[in-house]
Amino acid sequence: MSTDSGDTPSSATDRREAVREKAQRVHVKQSRVRLARRISLGVLATGAVAAVAAVVVWSVTSTMGGRDLTPDTASSDGFAVSDVAGVAGSQGTIDDSAVEATPESDKAAPVPTASAAPVDIRVYVDYLSPGAREWQLANVDQLKTWVDEGAATLSYHPVSMLTAKSNGTKYSLRAAAAAACVATHDENVFFAYNTELLSRQPAMDTDGFSDTELADLAQAVGAQEPDKVRDCIEDGDYIEWTKDATERAIAGIPDADGLQLAGTPMILVNGQPYMGALKDAAEFSQFVLTSASDKFYTEQTATPTPTAPAE
């Protein structure tokens, strides 16, 4: 009679193989779960990084400015002078070396008066243009007088014709954009800032002022909103607007009989370009007076509108 001694060697081996296969299946399943978890976490992390990157890009682009940033106070790409205070004038602290002396016989040249309609003076200015500096310093005193007395309206149109003339720093462009910042956030000191940029004009083919120095200059002339002005200048808010405004002026100047900007300064008096000596204040004054007289004569001799006869 035989006795049962338990499992045979072959059955024990089978069980061990079955356990091993089950362990392998569990290991594979766990590995798949871990892999899926890692993939999910990776996707979430990538999404989070992308979201952060999007926020950073939005923040940078919003502070750097763009073509959609237009100065609120601009009219036909220019800024009207509302206050002429804070400017020393050509006989004050401004360097007189660029201003040609006016002969004594010409100092009593006639000037426009407030009794007639104000003369419209528009100045297209590049802050790196030596001619723009000469004209501003020669005429700053009479410009102040005419604006104060209501004899003239004065506006400046910053452009960047000489952007390539500053060792790659694009000073012409940055200075014009800085002027737009001052005109937007502190228009009462715009005339003073405009004059200071020209009186302290750097030489061509030099670096010019940095953005920080341009902001410091705005504060020095009495900006009442220095933080806003500084942020605007250092962030380059109106860089793209200045480029576009320059291109528009080159294409054609509004209300100027088809004139196009070919160089600076371009000074328009009632839409007519001044072609005289930039350093001669008396000659410019005579041109303004003549333009005012012509406008007055044209308005007075215009054919009146006929009226219907009384019944």
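Use the structure listed above.
What counts, and at which threshold
Residues numbered from 1 in each chain as written. Predicted model: local features only at pLDDT ≥ 70, side-chain atom pairs only at ≥ 80, totals over all residues. Heavy atoms only, no water. Buried < 20%, exposed > 50% of the residue type's maximum accessible area, 1.4 Å probe, protein only. Helix = DSSP H or I, 4+ residues; strand = E, 2+ residues; numbered from the N terminus. Pairing = 2+ DSSP bridges. Right-handed = clockwise from strand over helix to strand, strands pointing away. Axes fitted to C-alpha atoms, helices over the stretch in contact; angles between N-to-C directions. Parallel < 35°, antiparallel > 145°, perpendicular 65-115°, else oblique. Left-handed = near helix turned anticlockwise from the far one by under 90°. Contact = heavy atoms within 4.5 Å. Nonpolar A, V, L, I, M, F, W, Y, C, P; charged D, E, K, R; others polar. Patch = residues over 30% accessible without salt bridge, like charges linked within 9 Å, V, L, I, M, F, W, Y side chains within 5 Å. Areas by Shrake-Rupley, 256 points an atom, 1.4 Å probe, with all protein chains shown as cover. Salt bridge = Lys/Arg side-chain N within 4 Å of Asp/Glu carboxyl O. Lys, Arg positive; Asp, Glu negative; His and termini not counted. Charge placed at Lys NZ, Arg CZ, Asp CG, Glu CD. Disulfide = S-S within 2.5 Å.

1. Looking at the pairing of strand β2 (residues 119-125)
Moving on, step 1. Counting buried residues in β2 gives six out of seven residues, a clear majority hidden from the surface.
Moving on, step 2. Summarising the sheet, β2 and strand β3 (residues 152-158) pair through seven bridges and their orientation is parallel. What sits directly across from V123, in β3, is Y156.
Moving on, step 3. Traced from β2 through helix α2 (residues 130-149) to β3, the parallel crossover comes out right-handed.
Moving on, step 4. Summarising the sheet, β2 and strand β4 (residues 266-269) pair through four bridges and their orientation is antiparallel. Across the sheet, the residue bridging to R122 is L268, located in β4.

2. Some thoughts on the packing of helix α3 (residues 171-185) against helix α4 (residues 190-199)
Moving on, step 1. One way to put it is that α3 packs onto α4 with a least axis distance of 9 Å and a crossing angle of 160°. On the basis of their axis angle, the class for α3 and α4 is roughly antiparallel. Where α3 crosses over α4, the handedness of that crossing is right-handed. Contacts from Y171, A175, A178, A179, V182 and A183 of α3 reach α4 at F190, Y193 and L197.

3. Some remarks on the packing of α3 against helix α6 (residues 226-234)
Moving on, step 1. With their axes 9 Å apart at the nearest point, α3 and α6 run at an angle of 150° to one another. In terms of orientation, α3 and α6 fall into the roughly antiparallel class. Here the hand of the crossing between α3 and α6 comes out right-handed. Note on element contacts: α6 touches α3 through K228, V229, C232 and I233, opposite A178, C181, V182 and H185.
Moving on, step 2. Its residues assigned to classes, the contact of α3 with α6 shows six nonpolar, one polar and one charged.

4. Quick look at a negative patch on the surface
Moving on, step 1. Judged by side-chain charge, E225, D227, D231 and D235 come together as a negatively charged surface patch.
Moving on, step 2. Tracing the backbone shows D231 in helix α6.

5. Focus: the state of the cysteines
Moving on, step 1. By the definition in use, this model includes one disulfide.
Moving on, step 2. The residue that forms a disulfide with C181 is C232, at a sulfur-sulfur distance of 2.1 Å. The sign of the S-S torsion, about -75°, decides the handedness of the disulfide formed by C181 and C232: left-handed. Of this pair, C181 sits in helix α3 while C232 is found in helix α6, placing the two residues 51 residues apart along the sequence.
Moving on, step 3. On the basis of relative accessibility, which here comes to 1%, the residue C181 falls in the buried class.

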